[in-house]
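So the chains spell out like this:
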Amino acid sequence: MNSSMARSVGFSRLIGFCSSKKSFFGRSVGVCSPKNSCNGLRPNGFRPPLISVGFRPSMNSSSLILCPNGGSSTFATATHTEEIIARRSVQLPWLMLQPPESTSVYKFYRLSKNDVKVVAVESSDQDPSDSYSHFLGSPFVGWMAYIRRKDCQFFLFNPLSGEKIILPSVETLPFHKGIIRNELSGSVESYAPYYSGDGSPMSPQMFSKCILEDVVLSSSPMDDDCIAVITYGSPPKLAFCRIRHGHPNSSCWILLDSPFKKCFQIVYHSVKKLFYTLSWNDELEAWDLHSDPIKRFHFHEDQTRVLKTARYPIKKVGRFKRSIDSIYWVDKSFLVYDHQSQELFLVIRFVLHSLDFQYVHCVPHIRPDSLPHKTLGFEVFKFDFINDDNDHHLVKLPLLEDIGDRAIFVDKRRAFALSTTQFPELRSGSIYFADIKYEWKYNFGGHDMGICNYVDDRIIHQIPFPSHTWFIPDVDVDF
């Protein structure tokens, strides 16, 4: 088997779970079963999510995801709902909690069940625990991406099946001037990146933190036609490979030649079979990587002025201004593809950043008297693509007043949409967001998580369990 696309198979087993067994006056008291399934600590010093506070008294423990009817559970035994759930192609998202440090035990919080799944991974290869590998998010249903710190091995990992797929070596990327190897073992001792000002080499541990930014897959990596697209380097550029043993493009990364640098968002349109990318200066491109030669499309905005325009959330900031002279925020854009409607959206998240030139670098449990970073709200735009007779690629971005029968999930790296018709457990017209600034290693953040009612433009509930990543499990996994 090609060493650059090797696969190893292990298996996972469920150790136990923490679940809500009783709810009263807005508080859910958790019970852990069986033993040792939740004996770790949260980054802020608390135990794992056994207690959740702040939900409506009328809600039962199984409806924390907030149903469209305002609180009554849609996990009812209605035949119609059960049929919908049985037919859907993906499961409800889980929140990935603090990753393993020296063991291969993964913890996921399930909003729909209000419990914590604890999965032990037993693999034939070294586990991708946080002490060994740098986490790069979840690029596709059931899969996570990592780069190993000791040798910069880039791989995909399924924590529920234990399967691992090694991707082409980062050494095939033009991001370094040279590699220093050990004369005896041949292992890499240091890299010399192009952007290093003084020309000093970097250890694999340091290089693993800066070489890769993100990865997105066109389909399951088990499929023969799966394509992986990455952003790498500084500033971030694009490259791709085909995850197929024996294919000419499966042993190395192929660069995508774009005039626009600093690409930070990638999403795959499964119907058009295009990868859409967005650069830091709001240049929208699409890539047809299934064709030979590769086709690139560049889109220009027509009439609407959303891209390349400074964004001012005046209404959102006004709610917090009061007597404060200056409020500063940051905004982050996400490309979102709705698989059911086959539509593409631009979601902008506004986060409070500083007050009166005082930067917010605190969290509530450390400094309860201070104001930490906080999500102000969201704006959602729909991409209306226009193809005129001159073969120009135009697009309009109208602002949506309502996101309809869908729920949008936003985390640190990406966002996705699910139909609330297909998932009646979800609250229609809401945005479920994780903390994009959460750093479990440094005990920072984890509080800016919740559910936003988009029409009312307000945060209706907080999610009390710290995380920066949503994870969608395989549809056939049922613990």
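Everything discussed here concerns the structure shown above.
Residues numbered from 1 in each chain as written. Predicted model: local features only at pLDDT ≥ 70, side-chain atom pairs only at ≥ 80, totals over all residues. Heavy atoms only, no water.

Q: Break down the overall build of the protein for me, citing the residues and quoting the values.
A: Looking only at helices and strands, the protein has 3 helices and 33 strands in total. Here the protein holds 479 residues, and the buried ones make up 55% of them. A separation of at least 24 residues holds for 55% of the contacts in the protein among residues at least 6 apart in sequence. If you sum the accessible surface of the protein, you get close to 21400 Å²; carbon and sulfur atoms cover 52% of it. (Helix = DSSP H or I, 4+ residues; strand = E, 2+ residues; numbered from the N terminus. Buried < 20%, exposed > 50% of the residue type's maximum accessible area, 1.4 Å probe, protein only. Contact = heavy atoms within 4.5 Å. Areas by Shrake-Rupley, 256 points an atom, 1.4 Å probe, with all protein chains shown as cover.)

Q: Report on the packing of aromatic side chains, specifying residues and quantitative values.
A: Enumeration according to the criterion identifies 20 aromatic pairs in this entry. Among the aromatic side chains, those forming a connected cluster through ring pairs are Trp-94, Tyr-106, Phe-108, Phe-157 and Phe-471. Directly above the aromatic system of Phe-155 lies the positively charged group of Lys-164, at a separation of 4.3 Å from the ring centroid. The ring centre of Tyr-232 lies 5.5 Å from the NZ or CZ of Lys-237, which sits over that ring. (Phe/Tyr/Trp six-rings, centres within 6.5 Å; stacked < 30°, edge-to-face > 60°. Lys NZ or Arg CZ within 6 Å of the ring centre and 35° of its normal.)

Q: How would you summarise the sheet that holds strand 17 (residues 254-255) if you had to cite specific residues and measurements?
A: Spatial strand order, 14-15-16-17: 4 strands in an open sheet with antiparallel pairing. Looking at which strands have only one partner, the edges of the open sheet turn out to be strand 14 (212-217) and strand 17. Of the strand pairs in this sheet, strand 14 and strand 15 (residues 227-232) are connected by 5 bridges, and their pairing is antiparallel. The residue bridging Val-215 from the neighbouring strand is Ile-230, located in strand 15. (Pairing = 2+ DSSP bridges.)

Q: Could you give me a rundown of the sheet that holds strand 28 (residues 406-410), with the residues and numbers involved?
A: Strand order in the open sheet formed by 5 strands is 29-28-30-31-32, and the pairing between neighbours is mixed. Of all strands in the sheet, those with a lone pairing partner are strand 29 (415-419) and strand 32 (458-462), marking the two edges. The sheet shows a mean angle of 25° between the axes of neighbouring strands, direction not considered. (Axes fitted to C-alpha atoms, helices over the stretch in contact; angles between N-to-C directions.)

Q: Lay out the nonpolar core in plain terms, naming residues and giving numbers.
A: Residues Phe-154, Val-170, Leu-173, Leu-212, Ile-230, Ile-243 and Trp-253 are the most contacted members of the largest nonpolar core, which totals 29 residues. Counting residues per element, the ones that place at least two in this core are strand 9 (144-148), strand 10 (154-157), strand 13 (188-193), helix 2 (204-210), strand 14, strand 15 and strand 16 (237-242). Core analysis: the second largest hydrophobic core is formed by 23 residues, Tyr-109, Val-118, Phe-423 and Ile-463 among them. (Core = buried A, V, L, I, M, F, W, Y, C linked by side-chain atoms within 4.5 Å.)

Q: Describe unusual backbone geometry, with residues and values.
A: In this chain, Ser-234 is followed by Pro-235 through a cis amide linkage whose omega measures 0°. By secondary structure assignment, the location of Pro-235 is in the loop between strand 15 and strand 16. The linkage connecting Asp-292 with the following residue, Pro-293, adopts the cis geometry, with an omega of 5°. Within the element layout of this structure, Pro-293 appears in the loop between strand 20 (284-288) and strand 21 (295-301).

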